[in-house]
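Understanding the architecture of this molecule
Residue-level listing of the chains:
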Amino acid sequence: MNLKSVHHIAVICSDYEISKAFYVDILGFQILKETYREARQSYKLDLTLNGKYVLELFSFPNPPKRPSRPEAVGLRHIAFEVDNLKESIQFLNSNDISTEPIRTDELTQKRFAFFADPDGLPLELYEK
């Protein structure tokens, strides 16, 4: 096997419109394609970041909750690289999105901070 890269990440959201606004209007993803799948009563939203396809948002009727705290088995978080962590945090906070305190990665000495999407999925900002 010769993996080349991560193709995309898929997220199932409890409120499609709220998650769509969060990822597009707040985080700055661009919509590549939006499809309503009648048979599944589900939207599929393909999102790009800086021209690269990276994220899919799905809506399904009544998806089950998945615990993220305390730490649960499975996806831990999605991390996004930023040039300036403090400015990025200020932007999130100005949009009523709370962030955890800035920490420093013991291994890389890079700064990072966590926040959450509308469904509580842990997201991380990692300073370049």
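Not measured: the values here are computed from a predicted model. Per chain, residues are indexed from 1 in the order of the written sequence. pLDDT decides what is reported in this predicted model: residues at 70 or higher carry local features, side-chain atom pairs at 80 or more are listed and counted, and totals for whole chains, interfaces and linings draw on all residues regardless. Side-chain numbers here rest on the full set of heavy atoms in the structure, without hydrogens or water.

Section: the sheet that holds strand S5 (residues 78-82)
Only strands that DSSP links by at least two bridges are regarded as paired with each other. Counting from the N terminus, the helices are the DSSP runs of H or I reaching at least four residues and the strands are the DSSP runs of E reaching at least two. The sheet built from four strands is open, its strands ordered S5-S8-S7-S6 with mixed pairing. Strands with a single pairing partner mark the edges of an open sheet, and in this sheet they are S5 and strand S6 (103-104). With five bridges connecting them, strand S7 (residues 111-116) and strand S8 (residues 122-127) associate as antiparallel partners. Across the sheet, the residue bridging to Ala113 is Leu125, located in S8.

Focus: the environment of Pro118
Mapped onto the fold, Pro118 is located in the loop between S7 and S8. Taking the relative accessible area as the measure of exposure, Pro118 reaches 38% and is therefore partly exposed. Working rule for contacts: check all heavy atoms of both residues, and any pair within 4.5 Å makes them a contact. Other than its neighbours up to four places away in sequence, Pro118 contacts Ile18, Ser19 and Phe22. Between buried and exposed lies partly exposed: a residue is buried under 20% and exposed over 50% of the maximum accessible area for its type, with that area taken using a 1.4 Å probe on protein chains only.

Considering the pairing of strand S4 (residues 52-59)
Counting buried residues in S4 gives six out of eight residues, a clear majority hidden from the surface. The sheet contact formed by strand S1 (residues 9-13) and S4 spans five bridges and is parallel. Considered in S4, the bridge of Cys13 is made with Ser59. Pairing of strand S3 (residues 42-49) with S4 involves six bridges; the strand directions are antiparallel. Bridge pairing in S4 places Leu49 opposite Lys52. Between the antiparallel neighbours S3 and S4 lie two residues, among them Asn50 with a positive phi of about 55°.

As for the pattern of salt bridges
Side-chain pairs of opposite charge can arise where the charged atoms are in close proximity. By salt bridge we mean one thing: a side-chain nitrogen of Lys or Arg within 4 Å of a carboxyl oxygen of Asp or Glu. A complete count under the given rule lists five salt bridges for this structure. Between Lys44 and Glu56 there is a salt bridge, and its shortest N-O distance comes to 3.3 Å. Pair noted here: Lys44 is in strand S3 and Glu56 is in strand S4, with a separation of twelve residues, a long-range link. Taking the relative accessible area as the measure of exposure, Lys44 reaches 19% and is therefore buried. On the accessibility criterion, Glu56 (8% relative accessible area) is buried. What you see here is one network of salt bridges that share partners, running through Lys44, Asp46 and Glu56.

Re the environment of Ile102
With respect to the helices and strands, Ile102 occurs in the loop between helix H2 (85-94) and S6. For Ile102, a relative accessible area of 37% puts it in the partly exposed group. Taking the C-alpha atoms as reference points, Ile102 and Lys86, 16 residues apart in sequence, are found 8.5 Å from one another. Discounting residues that sit within four places of it in the chain, Ile102 has contacts with Leu85, Ile89, Arg111, Phe112 and Ala113.

Scope: geometric values only; no functional claims are made or implied.
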